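Observations on chain architecture
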Amino acid sequence: MRAWRHSLVWKIALPVPLALLAMILAIGFIIPRQIEADTQATAVENALQTIAQFRSVRDYYNTAIVPKIRGSQDLKLTHLHANDPKGAPIPATFMLDMSARLQDKGVSLSFYSPYPFPERANRQTDAFQKAAWEQFQKNPDTPFIDRTVLNGKEVVRVAVGDRLGEACVACHNSHPQSPKKDWKVGDVRGVFEIQTVIDAQLARGHMLTYSVLGVVLLGGLAFGRPLLALVLDSVFDLTQEGWRKLTFRWGLFFFFLAGVNEVVWRTQTTDFWVSFKVFGIMPLTIAFALAQTPLLLRHERKTDDGKTDRA
Ligand code: HEC
């Protein structure tokens, strides 16, 4: 009897949590991955669109307005336009001013280069910005993209090179304050960058995944189908009641995870949430899987002579 128990415990206790874990990994981690990838792709697409829109506004300003200012006696183009009643912003200053205004509204557009004009010489660039600039020297037309945690938020950063046309070069090579005067047409002069915060989308993705798992399992039960039996039938052998109980518990557990995920995301920092997704959810799931062992032992299906099928 003792030997039988011993082997049963080993037969069940080991493969069951492993099989459940494999299933949870498959559904619970691959789907959120996919959602994350989609969220990131959407953020990149939107950022590229926003940059393209800004560029066309700047190019319009450059072609439709700048020549008139140039031809005018009363106005002059200057990057120091703010306190100059006759000063009109040059195209880049127009962009820089716009990005500063948008920053206040939560859209993060920046415009920079390692060659700022003297008034902006104290600007700091971070590792991403330096790497983007480096890449544009080799591949000026390929966007530079990264996803990272920045100031406690999950962000997607998209940078695009800004190349000089003839009119741009003429001014940049002659302007008295220009920090570099050997620009050529087609050179990348600066970088447009959009930062998009994606915390909320990611959190929604996780919540959705767990809720779907919960709905599928409990919904199946409501129609008399303990779905875990279908998935795990080949791994171990339970009574119908055992399958029902197991499916019910896992269904509730996924709703619990959806709730925990939501609470952690809303109340904790993003840094915490990001590590919780891996180091919190995973151990919780393993612990829950292990905690089901007694239920599995109780409901193992017995053959007529009282021994297990699997003996
Ligand atoms: C009339 C002269 C003039 C023209 C034309 C001009 N620029 Fe500039 N550009 C400047 C000045 C001056 C600055 C500094 C603006 C500031 O710091 O506010 C500047 C700044 C920049 C910057 C930002 C550099 C940095 O690190 O801050 C970029 C990028 C840039 N210009 C690209 C262009 C492109 C591309 C064009 C053509 C579409 C262009 N410029 C046309 C004079 C000009």
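A few points on the structure. Quantities reported herein were computed from a predicted structural model and do not represent experimental measurements.

So, the overall build of the chain
Across its full length, the chain carries eleven helices and six strands. By residue count, 24% of the 311 residues in the chain fall in the buried class. Within the chain, contacts between residues at least 6 apart in sequence are counted, and of these 66% link residues at least 24 apart.

Section: the site of the ligand
Taken together, 25 residues lie around the ligand, and His79, Ala92, Cys168, Cys171 and Gly190 are the ones closest in. Elements represented by at least two residues in the shell around the ligand include exactly helix H3 (91–104), helix H5 (166–172) and strand S6 (188–197).

Re the environment of Ile51
Of note, Ile51 is situated in helix H2 (residues 15–71). For Ile51, a count of 20 C-beta atoms within 10 Å puts it in the buried group. Counting along the chain gives 58 residues from Ile51 to Leu109, while the straight-line C-alpha distance between them is 8.3 Å. If sequence neighbours within four positions are ignored, Ile51 has contacts with Val160, Phe192 and Ile194.

Regarding the packing of helix H6 (residues 199–222) against helix H8 (residues 240–267)
Between H6 and H8, the shortest axis-to-axis distance is 8 Å and the interhelical angle comes to 160 degrees. One way to sum up the angle between H6 and H8 is to call them roughly antiparallel. Here H6 runs over H8; the crossing is left-handed. Every residue of H8 that contacts H6 at Ala203, His206, Met207, Tyr210, Ser211, Leu213, Gly214, Leu217, Leu218, Gly220 and Leu221 is listed here: Arg244, Thr247, Phe248, Trp250, Gly251, Phe254, Phe255, Leu257, Ala258, Asn261, Glu262 and Trp265. Across the contact of H6 with H8, the residue classes break down as 14 nonpolar, seven polar and two charged.

Structural notes on the sheet that holds strand S4 (residues 144–150)
The four strands are arranged S3-S6-S5-S4 in an open sheet whose pairing can be described as antiparallel. Every interior strand has two partners, whereas the edge strands, strand S3 (108–112) and S4, have only one. Taken pair by pair, the neighbouring strands of this sheet meet at an average axis angle of 25 degrees, ignoring direction. One ladder, built from five bridges, connects S3 with S6; its direction is antiparallel. Each residue of the ladder has a partner; that of Ser108, found in S6, is Gln195.

Considering the packing of helix H9 (residues 270–279) against helix H10 (residues 281–291)
Between two packed helices, both the angle of their axes relative to each other and the distance between the axes serve to describe the pair. H10 packs onto H9 with a crossing angle of 30 degrees between their chain directions and a minimal axis gap of 4 Å. Our classification of the angle between H9 and H10 gives roughly parallel. Packed against H9, whose contacting residues are Phe276, Lys277, Val278 and Phe279, the element H10 presents Ile281, Met282 and Pro283 at the interface.

Brief notes about the nonpolar core
Formed by 23 residues in total, the largest nonpolar core has its most connected members in Phe111, Ala132, Ala159, Val191 and Phe192. Mapped by element, the contributors of at least two residues to this core are H2, H3, S3, helix H4 (127–138), strand S5 (153–163) and S6. In this view, Ala132 contacts Phe144, Ala159 and Val191; residues no more than four positions away in its chain are not counted. Among the nonpolar cores identified, the runner-up in size contains 15 residues, and Leu246, Trp250, Ala258 and Ile281 belong to it.

What counts and what doesn't
Residues numbered from 1 in each chain as written. Predicted model: local features only at pLDDT ≥ 70, side-chain atom pairs only at ≥ 80, totals over all residues. Helix = DSSP H or I, 4+ residues; strand = E, 2+ residues; numbered from the N terminus. Buried ≥ 20, exposed ≤ 12 C-beta atoms within 10 Å, placed from the backbone. Contact = placed C-beta atoms within 7 Å. Near = placed C-beta within 6 Å. Axes fitted to C-alpha atoms, helices over the stretch in contact; angles between N-to-C directions. Parallel < 35°, antiparallel > 145°, perpendicular 65-115°, else oblique. Left-handed = near helix turned anticlockwise from the far one by under 90°. Nonpolar A, V, L, I, M, F, W, Y, C, P; charged D, E, K, R; others polar. Pairing = 2+ DSSP bridges. Core = buried A, V, L, I, M, F, W, Y, C linked by C-beta atoms within 7 Å.

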